[in-house]
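Single-letter residue listing:
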Amino acid sequence: MKITKVKIKPNETEIAYLETDAKNSKEVTFKSWDTQSKEFLGALQVLKPYVIYILELPDGYDETLEIRGVTIKYEEAGIGVVISAVKGLESLSAPLCLNTPYIPPKRDEHINTPMSSGLEMSIERITVMAQQFMDGQHRAQGQLFEQEAQHD
């Protein structure tokens, strides 16, 4: 299964993935209204420095910046991504929505791209956690039940 999108809002998670058979490929969307675990939310927030660097935002911008999702494209050379974020505004109740441009994989050493091994590892961790979320893990409520089951 290849995760193509992870989108998180408070108490809402959307995960898209490719389902492939011998002839066809289709994108399936999984939606949940369970609260995400702190670990899952934290895995996305690790992307803040990349967004700030790529969008050339000023220092201190991360204080009210929140990563809300990633869109992933699989290429022969590796993965490419778009990172989505929101920033709280003092003047409005609605946030500023930010998307990075498409960050392509490193196809060769002559192409300048902000894709790095650190960014790839962060995306890989998010996709693994997204798969686990679909299986019932990394949910704030689900972890409570796991702890109760261990005490029996």
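Small disclaimer: the values here were computed from a predicted structure and weren't measured. (Residues numbered from 1 in each chain as written. Predicted model: local features only at pLDDT ≥ 70, side-chain atom pairs only at ≥ 80, totals over all residues. Heavy atoms only, no water.)

## Notes on the packing of aromatic side chains
To describe a pair of aromatic rings, you give the distance between the ring centres and the angle between the ring planes.
Part 1 of the reasoning: Applying the stated criterion across every chain, the model contains two aromatic pairs.
Part 2 of the reasoning: Here the aromatic rings of Phe 30 and Phe 133 are separated by 6.4 Å at their centres, their planes lie at 85 degrees, and the arrangement is edge-to-face. Remark: Phe 133 occurs in helix α3 (residues 117-134) and Phe 30 occurs in strand β3 (residues 25-32); sequence separation between them is 103 residues.
Part 3 of the reasoning: Both rings, one in Phe 40 and one in Phe 133, keep their centres 5.5 Å apart while their planes meet at 35 degrees; by these two values the pair is tilted. Of this pair, Phe 40 sits in helix α1 (residues 38-45) while Phe 133 is found in helix α3, placing the two residues 93 residues apart along the sequence. This pair shows no difference in class: Phe 40 is buried, exactly as Phe 133 is.
Part 4 of the reasoning: Chaining the aromatic ring pairs together yields one cluster made of Phe 30, Phe 40 and Phe 133.
Part 5 of the reasoning: One cation-aromatic arrangement involves Lys 73 over Tyr 102; the distance from NZ or CZ to the ring centre is 5.8 Å. (Phe/Tyr/Trp six-rings, centres within 6.5 Å; stacked < 30°, edge-to-face > 60°. Helix = DSSP H or I, 4+ residues; strand = E, 2+ residues; numbered from the N terminus. Buried < 20%, exposed > 50% of the residue type's maximum accessible area, 1.4 Å probe, protein only. Lys NZ or Arg CZ within 6 Å of the ring centre and 35° of its normal.)

## Section: the environment of Tyr 50
Part 1 of the reasoning: Looking at the secondary structure, you find Tyr 50 in helix α2 (residues 48-54).
Part 2 of the reasoning: In sequence terms Tyr 50 and Ser 116 are 66 residues apart; their C-alpha atoms lie 9.8 Å from each other.
Part 3 of the reasoning: Apart from the residues lying within four places of it in its own chain, the contact partners of Tyr 50 are Ile 83, Ser 116, Gly 118, Leu 119 and Ser 122. (Contact = heavy atoms within 4.5 Å.)

## Re the sheet that holds strand β6 (residues 96-99)
By way of backbone hydrogen bonds, the strands of a sheet pair with one another, either parallel or antiparallel.
Part 1 of the reasoning: Strand order in the open sheet formed by six strands is β3-β2-β1-β4-β5-β6, with antiparallel pairing between adjacent strands. This sheet does not close on itself; its edge strands, each paired only once, are β3 and β6. When the angles between neighbouring strand axes are averaged without regard to direction, this sheet yields 15 degrees.
Part 2 of the reasoning: As defined by bridge partners, strand β5 (residues 78-87) adjoins β6 across four bridges and the pair is classed as antiparallel. Looking at β6, one finds that Ser 84 is bridged to Asn 99.
Part 3 of the reasoning: Along the sheet, α1 contacts β1 (2-9), β2 (12-20) and β4 (65-75); its crossing angle with β4, the most-contacted strand, is approximately 75 degrees.
Part 4 of the reasoning: Its contacts with the sheet place α3 against β1, β2, β3, β4 and β5, and it is angled at close to 80 degrees to β1. (Pairing = 2+ DSSP bridges. Axes fitted to C-alpha atoms, helices over the stretch in contact; angles between N-to-C directions.)

## Notes on α3
Part 1 of the reasoning: End to end, α3 covers 26 Å across 18 residues, agreeing with the expected 26 Å (1.5 Å per residue, within 8%).
Part 2 of the reasoning: When α3 is considered as a whole, its buried residues turn out to be Leu 119, Ser 122, Ile 123, Ile 126, Thr 127, Met 129, Ala 130, Phe 133 and Met 134. Taken around the axis of α3, the buried residues stretch over an arc of 165 degrees, which confines them to a single face. Projecting away from the buried face of α3 at angles above 90 degrees are the exposed residues Ser 117 and Met 121.
Part 3 of the reasoning: Residue Gly 136 follows α3 closely and has a positive phi angle near 100 degrees. (Expected span 1.5 Å × (residues − 1). Arc of directions from axis to C-beta.)

## Quick notes on α1
Part 1 of the reasoning: Among the residues making up α1, those that are buried are Phe 40, Ala 43 and Leu 44. Along the axis of α1, the buried positions cluster into a sector of 95 degrees, meaning they face one direction only.
Part 2 of the reasoning: Looking at the packing, one finds that the buried side of α1 touches β1, β2, α2, β4 and α3.

## So, the pattern of salt bridges
As a working rule, side chains carrying opposite charge can pair if their charged atoms are close by.
Part 1 of the reasoning: Counted by the stated rule, this structure contains three salt bridges.
Part 2 of the reasoning: With a closest N to O distance of 2.5 Å, Asp 34 and Arg 139 form a salt bridge. Pair noted here: Asp 34 is in the loop between β3 and α1 and Arg 139 is in the loop between α3 and α4 (140-151), with a separation of 105 residues, a long-range link.
Part 3 of the reasoning: Here Arg 139 falls in the buried class, since its relative accessible area comes to 12%. (Salt bridge = Lys/Arg side-chain N within 4 Å of Asp/Glu carboxyl O.)

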